[in-house]
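Working through the structure, step by step
Here's the letter readout for the chains.
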Amino acid sequence: MKVDQAVLMGLVRDVLIAEDHPAASISIALVDNATIHRLNHLHLGHDWPTDVITFPLSDPDEPALSGELVVSTEMARHDGSRDGRRAA
C-alpha cells in the first residue's frame, strides 16, 4: 500500500495541534496484519490483528508528548472501504 508521507505527517500534525500537543515526537510504523497481530499478542495479550497500537513514551507531566504508533495498513484499507471512505 502506497502512503503519501506528506499527507500522513500533515494529519498527525493536525491531530496533535487539535489535542493541544504542539511539542511532540511521534514515530509511525506502517505494518501488515501479521506484524500487528504479533505485536498485539506480545504487548497486550490479544490474539488478533488490530488497526492501531499506541505506545506512550512520555509521562503525562512532561511538556512534550512522545510516543509510537503502529498502524496496520491492511486493516486501515479494510476499515476505510467498509465505511465507504478511501484509506490514505
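Cut-offs used in this document
Residues numbered from 1 in each chain as written. Predicted model: local features only at pLDDT ≥ 70, side-chain atom pairs only at ≥ 80, totals over all residues. Heavy atoms only, no water. Helix = DSSP H or I, 4+ residues; strand = E, 2+ residues; numbered from the N terminus. pLDDT = per-residue confidence, 0-100. Expected span 1.5 Å × (residues − 1). Buried < 20%, exposed > 50% of the residue type's maximum accessible area, 1.4 Å probe, protein only. Arc of directions from axis to C-beta. Polar contact = N/O pair within 3.5 Å; in protein donor to acceptor, adjacent residues only side chain to side chain. Contact = heavy atoms within 4.5 Å. Pairing = 2+ DSSP bridges. Axes fitted to C-alpha atoms, helices over the stretch in contact; angles between N-to-C directions.

With that out of the way, let us pick up unusual backbone geometry. Negative phi values dominate among residues other than glycine, just as trans dominates among peptide bonds. Positive phi outside glycine occurs at Asp20, with the angle close to 65°. For Asp20, the location among the structural elements is in the loop between α1 (5-18) and β1 (24-31).

Here the focus is the confidence of the model for the protein. Looking at the protein, pLDDT values average 89 and 91% of them are 70 or higher. No element of the protein has a lower mean pLDDT than helix α3 (residues 73-82), which averages 80, and none a higher one than helix α2 (residues 33-44), which averages 97.

Here we take up α1. The terminal C-alpha atoms of α1 lie 20 Å apart, and with 14 residues this matches the ideal 20 Å at 1.5 Å per residue to within 8%. Of the residues making up α1, those classed as buried are Gly10, Val12 and Leu16. Angular distribution of buried residues about the axis of α1 spans 165°; they occupy a single face of the element. In α1, those exposed residues whose orientation departs by more than 90 degrees from the buried face are Asp14, Val15 and Ala18. Here α1 starts with a cap whose side-chain oxygen sits 3.0 Å from the backbone nitrogen of Ala6, and that cap is Asp4. Residue Asp20 follows α1 closely and has a positive phi angle near 65°.

A few words now on the side chain of Ser72. One can find Ser72 in strand β3 (residues 65-72). Looking at Ser72, its side chain comes within polar contact range of the side chain of Asn33, at 2.5 Å. In this structure Ser72 touches Val31, Asp32, Asn33, Ile36, Thr50 and Asp51, once residues within four positions along its chain are discounted.

Pairing in this open sheet of three strands is mixed, and the strands run β1-β3-β2 from one edge to the other. Whereas interior strands pair on both sides, the edge strands pair on one side only; in this sheet they are β1 and β2 (52-56). Sheet twist, expressed as the average angle between the axes of neighbouring strands with direction ignored, equals 15°. Judged from the eight bridges that link them, β1 and β3 form a sheet pairing that is parallel. Within β3, the position partnered with Ile28 by the bridge is Leu69. Together, β1 and β3 form the strand contacts of α1, whose direction differs from that of β1 by roughly 135°.

Sheet topology note: the β2/β3 ladder contains five bridges and is antiparallel. Looking at β3, one finds that Thr54 is bridged to Leu69.

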